[in-house]
Amino acid sequence: MKIFIKELFFELKKNKGSMIGIVIIIISCLVAILAPIIAPHDPTNVYTEYLRLPPSFVTGGNPQFFFGTDDLGRDLLSRLIYGSQVSLSVGFAVVLISLVIGTFLGVIAGYFGGFIDKTIMRITDLIMSLPSILFAIVIVAIMGPGITNAIVAVSIVAVPNFVRIIRAQVMAEKNRQYVHAARLFGAGHFRIMFIEILPNCMAPLIVQATLGFSDGILNCAALGFLGLGAQAPMSEWGTMLSDARSYIESSPWMVTLPGVCILVIVLSFNLLGDGLRDALDPRLKKQN
Amino acid sequence: MKYLSKKLLDLIPTLLGISLISFFLIRLIPGDPVLNLIGERGADPVRYLEMKKSLGLDLPIIEQFWIYLKNILRGDLGTSVISNNSVWSEFAERFPATVELGMISLFFSILIGIPLGIFAAIKRNSFFDYFLMSSSLIGYSMPIFWWGLILILFFSVKLGLTPVSGRIDFIYDIPTFTGFYLIDTLRPEVITAEGFAPFISALRHLILPSIALGTIPLAVIARMTRSSMLEVLGEDYMRTAKAKGMSKKRIIFIHALRNALVPIITTIALLFGSIITGAILTETIFSWPGIGKWIVASITARDYPVIQGGVLIISFIIVMTNILVDIIYYFLNPKMRN
């Protein structure tokens, strides 16, 4: 395992893009963790005398509010900083939920085959035939808007990706010698599936989990933008964007900044994911 | 042929599954479905029972599903609670707008994306290649609901070049013929009455939404073309073609591109789903009167028959396009035929 990580990092270091990705991710994590310390204001604190103040480096700005304030007079910088907490935890939650469910179903489908496999694959095909946002919208429409329901919806949409990848990998592994050996030693299905086979399916799983972060963050922000995700006064980037829409002409900074944050964080996870795929899949690496 | 008939047979459980999802959609919403439909103020008991009966909610669930399926096959998708129009007519009215926007976006992303991808593959590891690949990764990561707003901010608010919302200026009343404004505004009677102004207005309204919607497809197509071309260019028969003294142009456009196209076409086909997803967001931003905006509005208004019917139709369309792609793929790729 240690060698695996060392080798992986060695490969990653050669890829500039993924190093940029890692650095941005680490910085955002630090910002999210240190939010209460580095945020200059309380993100929900309303300064009624400073409504829609432009950023401090623009004429009319106030040095007290670096990125200006929003329509209710809340400090934009502080809201963006706290927004990183929401986005990163949303991404983490989505990946965790879809990874656990998807891996479990994928391993079972690939290992047992037959009827179980057909049923699981039929359902994942069904979910995949619906556009992800539409499916998430349907789920949120049923359960009601809110950040928790948005996370559940986006996770369900992400499950099929994991199922397909793990299933294919397990099907390739299950007839290998070490699996037969384990069976001869009297290992049960559960042990063979999750202790013998699963660790050998890690490479594509890591790539998919990284890319799942960016999808999860993007989809949850989209739901927030449509008014179906995080609700006020939570400082979530997508929700902030949707609130800012009405002020696009008079206060463009309110629209610009949250989107830049979403783009940067999504981009960094995509950069890392691409790098990981190149590092972990030698077959693809030759081509690029 | 066996492959195709198997694909078509596979459709049946998928379509059943989709109708099952949309059937349970209304029934899974917490609370009484009748009250959900009537509204939160409630109704007197007589009307309540009437409504329950007219919706068929007093029957056993299996029978309800059977009736629902029969209604779908008859083209009856229910009635909007808000407008009292049939869901199908509401859909038909808005669908051309989404198709027009989606087609234009996809058309331009193909037109620009494939040449860019080819060029990047030929000039591999050049500055252009790096530039294109980085910008396509940015395009791919773009939150398009924000991108649309930035386009509005720059082109409409700052430069005043393009309109902010809608499909055409309000002063024009175009009689609906095909529902595609780019075609309807070019009909002889429109041109004799108004000249080309309505057409130009429709075109100007299309620019920003189609850029917003086309960004992700463009990025995906350019990346896919590049990697698919690189793979083909590395094959042995490319070396043979070169050794035979063929011109570079011929090698790239006739020999390489043709083989590289198969995965590119699959990618383009898979983009239909993401175009619909994008349309939901793009139409909301640009107030584009298509099905995406319709669905979002119906969720805000809790117009459940519309959500139910809309989800059913959209997923049906996507499943059908996927099948269509499989068929095209089958004819494009000789390996699939035996």
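Residues numbered from 1 in each chain as written. Chains lettered and ligands numbered in written order. Predicted model: local features only at pLDDT ≥ 70, side-chain atom pairs only at ≥ 80, totals over all residues. Heavy atoms only, no water.

A. The packing of helix H4 (residues 76-112) of chain A against helix H5 (residues 114-129) of chain A, seen in detail. Residues and elements named next belong to chain A. At a closest axis distance of 7 Å, the pairing of H4 and H5 adopts a crossing angle of 140°. Accordingly, the angle class assigned to the pair H4 and H5 is oblique. Note on packing geometry: the crossing formed by H4 with H5 is left-handed. Between H4 and H5, the residues in contact are Leu105, Ile108, Ala109 and Phe112 and Gly114, Ile116, Asp117 and Ile120, respectively. The residue inventory of the contact of H4 with H5, partitioned by class, reads six nonpolar, one polar and one charged. (Axes fitted to C-alpha atoms, helices over the stretch in contact; angles between N-to-C directions. Helix = DSSP H or I, 4+ residues; strand = E, 2+ residues; numbered from the N terminus. Parallel < 35°, antiparallel > 145°, perpendicular 65-115°, else oblique. Left-handed = near helix turned anticlockwise from the far one by under 90°. Contact = heavy atoms within 4.5 Å. Nonpolar A, V, L, I, M, F, W, Y, C, P; charged D, E, K, R; others polar.)

B. Quick look at the environment of Leu213(B). All names here are of chain B. Inspection of the secondary structure puts leucine 213 in helix H10 (residues 197-233). Residue leucine 213 is classed as buried on the basis of its relative accessible area of 3%. Leucine 213 sits 73 residues away from phenylalanine 286 along the chain, and the two C-alpha atoms are 11 Å apart. Those residues within four positions of leucine 213 in sequence are excluded, and the remaining contacts are Leu101, Gly102, Ser105, Ile275, Gly278, Ala279 and Thr282. (Buried < 20%, exposed > 50% of the residue type's maximum accessible area, 1.4 Å probe, protein only.)

C. Here's a closer look at H5(A). In this model, H5(A) (16 residues) spans 22 Å end to end at C-alpha, consistent with the 22 Å of a helix rising 1.5 Å per residue. The complete set of buried residues in H5(A) reads Asp117(A), Ile120(A), Met121(A), Thr124(A), Leu126(A), Ile127(A) and Ser129(A). Looking at the buried positions of H5(A), the neighbouring elements they touch are H4, helix H6 (132-143) and helix H7 (147-173) of chain A together with helix H1 (2-28) and helix H14 (304-332) of chain B. (Expected span 1.5 Å × (residues − 1).)

D. Looking closely at the packing of H6(A) against H7(A). Residue and element names in this part refer to chain A. Packing of H6 against H7 brings their axes to within 9 Å, and their N-to-C directions diverge by 140°. One way to sum up the angle between H6 and H7 is to call them oblique. With respect to the hand of their crossing, H6 and H7 are arranged in right-handed fashion. Residues Ser132, Phe135, Ala136, Ile139, Val140 and Met143 of H6 form the contact with H7, whose participating residues are Asn149, Ala150, Val152, Ala153, Ile156 and Val157.

E. Spatial organisation of the environment of Ile285(B). Mapped onto the secondary structure, Ile285(B) falls in helix H12 (residues 248-286). With 16 residues separating them in the primary sequence, Ile285(B) and Ala269(B) have C-alpha atoms 25 Å apart. For Ile285(B), the residues in contact, after removing those within four places along its chain, are Phe225(A), Arg245(A), Ile144(B), Phe145(B), Gly148(B), Leu149(B) and Ile152(B).

F. Up close: the interface of chain B and chain A. Contacts between the two partners involve 47 residues from chain B, matched on the other side by 38 residues from chain A. Carbon and sulfur atoms supply 78% of the area buried between chain B and chain A, which totals about 3700 Å² over both sides. Our count for the contact surface shared by chain B and chain A stands at one salt bridge. The partner of Asp274(A) in a salt bridge is Arg223(B), with the nearest N and O atoms 2.7 Å apart. Elements with a minimum of two residues in the side of chain B that touches chain A: H1, helix H6 (127-140), helix H7 (144-158), H10, H12, helix H13 (291-300) and H14 of chain B. (Buried area = accessible area lost by both parts, 1.4 Å probe. Salt bridge = Lys/Arg side-chain N within 4 Å of Asp/Glu carboxyl O.)

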